[in-house]
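# Commentary on secondary and tertiary structure
This is what each chain is made of:
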Amino acid sequence: MTDESIRRDVCELTQWLRDQPNLPNTLDGVELDWWMENYLVMNKNEVERVKDNLPVYFQLKTIIPEVMNNRDPKTNKDMIKGYDTTLIGLVPTVMDGGRKLAVYMHRQDTPTSDYSPVGIAMHLTCLADLYLAQGIDHIKLVLVIDMRTVRLGHLARYPLGMLRRFFLYAWKAYPERVAQIHIINPPAILSVIMAMFKPLLKAKIRKRMIVHRHFETFLEHVPLKYMPKDYGGESPSLIELHEAWRQKIIDHQPYFKKCSAKHRVVDKKANVESSENNMSS
């Protein structure tokens, strides 16, 4: 990507957006060219890929409304439960090749009945929306899933309909590039977990999953220094990373409310006709 190619592609995409009968001309709460540049990065700098995925971004508010509305960690019960029963840490330091490390695990000593997959889905879309608004600092994600505390009760909490819609449409609306998925501390019920989630993943993503029976094999892929200090690394602890993002999402509630209300499919023709009727009257 060069400055010239970015300007050219962003100009083409913003004009394309204005030409779409059911998509908004602007994005409330953020400068459109800047947002479009970040969405272009998320889509591997492919203009046609953006044109294919962007309508789904706007449609997502009606496809999974239980995830995309009222994303407030202070008031939404699902988000509160999601934060209180899990730990999700995005390591600030970007690794070689533009890779960013994300670590996920269930908290210990929390009842499985309190776990809320919907709340986790809300959190993930908030992360993506903030990156699009503020700037993407990475090219690919490396996911680390620590399964030491996973229990069958967690699996029973997943609403399968929402789960399918989320994997099918949210990943298209926010097409983050996943370089690898590392599973550490695999439990005895790993085969049950895999049977549930693998069918939801694209074949190329399934090939990027690596199960580590020993932590040493994981370190062959991710240098220890990038891991949270809970694992012996040099990054902030997982709880510190988790709470920092919770606070960031609380701080940006005005923007998330605009995303829910305005970043959605519109009927431009109806809006124009309404405006003309108001003027004539």
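Remember, it's a predicted structure, so these values are computed and weren't measured experimentally.

### As for helix α2 (residues 32-42)
- Taken as a whole, α2 has its buried residues at Leu-32, Trp-35, Met-36, Asn-38, Tyr-39, Leu-40 and Met-42.
- Close packing links the buried residues of α2 with α1 (3-19), α3 (47-63), α6 (117-134), α8 (160-173) and α13 (253-262).
- Among the residues of α2, the N-terminal cap falls to Glu-31, whose side-chain oxygen and the backbone nitrogen of Asp-33 are separated by 3.3 Å.
- Of the residues trailing α2, Lys-44 is marked for its positive phi of about 60 degrees.

### Some words on empty space enclosed by the protein
- Under the counting rule described, the total for this entry stands at 2 cavities of 30 Å³ or more.
- Size it by volume and the largest cavity reaches roughly 1,100 Å³.
- For the largest cavity, the lining is made up of 40 residues, of which Leu-124, Leu-143, Ile-145, Phe-166 and Phe-167 are closest to its centre.
- Elements supplying a minimum of two residues to the lining of the largest cavity: β1 (86-90), β2 (99-106), α6, β3 (140-146), α7 (152-155), α8, β4 (178-184) and α9 (190-197).

### A short note on the UniProt feature "domain: CRAL-TRIO" (unreviewed entry) in the protein chain
- As annotated in UniProt, the feature "domain: CRAL-TRIO" (unreviewed entry) corresponds to residues 76-239 in the numbering used here.
- Summarising residues 76-239: 38% helix, 19% strand, and an end-to-end C-alpha distance of 20 Å.

### Observations regarding helix α5 (residues 77-85)
- Every buried residue belonging to α5 is among Met-79, Gly-82, Tyr-83 and Thr-85, and all of these are buried.
- Residues of α5 that are buried in the fold lie against β1, β2, α6 and α12 (238-251).
- Structurally, the start of α5 carries an N-cap: the backbone nitrogen of Asp-78 is 3.0 Å from a side-chain oxygen of Asn-76.

### Things to note about unusual backbone geometry
- At Lys-44, a residue that is not glycine, the phi angle is positive and equals roughly 60 degrees.
- Residue class for Lys-44 comes out partly exposed when judged on its relative accessible area of 30%.
- Here Asn-185, not a glycine, exhibits a phi torsion of approximately 50 degrees, which is positive.
- Secondary-structure assignment places Asn-185 in the loop between β4 and α9.

### Thoughts on the pairing of β2
- Where burial is concerned, most of β2 is hidden: 8 out of the 8 residues are buried.
- Here β2 shows no split at all, with Arg-99, Leu-101, Val-103 and Met-105 on one side and Lys-100, Ala-102, Tyr-104 and His-106 on the other all buried.
- Inspection of the sheet shows β1 paired to β2 by 5 bridges, in the antiparallel sense. Residue pairing for β2: Leu-87 is matched across the bridge by Met-105.
- When β2 meets β3, the two strands line up parallel, connected through 7 bridges. Looking at the pairing, Ala-102 lines up with Leu-143 of β3.
- Following the chain from β2 across α6 to the adjacent parallel β3, one finds a crossover that is right-handed.

### Re the pattern of salt bridges
- Summed over all chains, the structure comprises 14 salt bridges.
- For the salt bridge of Asp-96 with Arg-99, the shortest nitrogen-to-oxygen distance reads 3.0 Å.
- A residue is classified by how much of its surface remains accessible, and Arg-99, at 14% relative accessible area, is buried.

### Re the side chain of His-154
- Its place among the elements puts His-154 in helix α7.
- Beyond its immediate chain neighbours, meaning those up to four positions away, His-154 contacts His-106, Thr-112, Tyr-115 and Thr-149.

### What about the packing of α2 against α6?
- Where α2 meets α6, the closest approach of the two axes is 7 Å, and the angle between their N-to-C directions is 120 degrees. Between α2 and α6, the crossing angle belongs to the class labelled oblique. Mapping the contact onto sequence places Trp-34, Trp-35, Asn-38, Tyr-39 and Met-42 in α2 and Ala-128, Tyr-131, Leu-132, Ala-133 and Gln-134 in α6.
- Considering only residue class, the contact of α2 with α6 consists of 8 nonpolar, 2 polar and no charged.

Thresholds applied
- Residues numbered from 1 in each chain as written.
- Predicted model: local features only at pLDDT ≥ 70, side-chain atom pairs only at ≥ 80, totals over all residues.
- Heavy atoms only, no water.
- Buried < 20%, exposed > 50% of the residue type's maximum accessible area, 1.4 Å probe, protein only.
- Helix = DSSP H or I, 4+ residues; strand = E, 2+ residues; numbered from the N terminus.
- Contact = heavy atoms within 4.5 Å.
- Polar contact = N/O pair within 3.5 Å; in protein donor to acceptor, adjacent residues only side chain to side chain.
- 1 Å grid on protein atoms, 1.4 Å probe; cavity = no way out; pocket = protein on both sides within 12 Å on 5 of 7 lines; lining within 4 Å.
- Points joined across faces, edges and corners; volume = space filled by probe spheres on them.
- UniProt positions renumbered as here; feature names shortened; annotations may be inferred.
- Pairing = 2+ DSSP bridges.
- Right-handed = clockwise from strand over helix to strand, strands pointing away.
- Salt bridge = Lys/Arg side-chain N within 4 Å of Asp/Glu carboxyl O.
- Axes fitted to C-alpha atoms, helices over the stretch in contact; angles between N-to-C directions.
- Parallel < 35°, antiparallel > 145°, perpendicular 65-115°, else oblique.
- Nonpolar A, V, L, I, M, F, W, Y, C, P; charged D, E, K, R; others polar.

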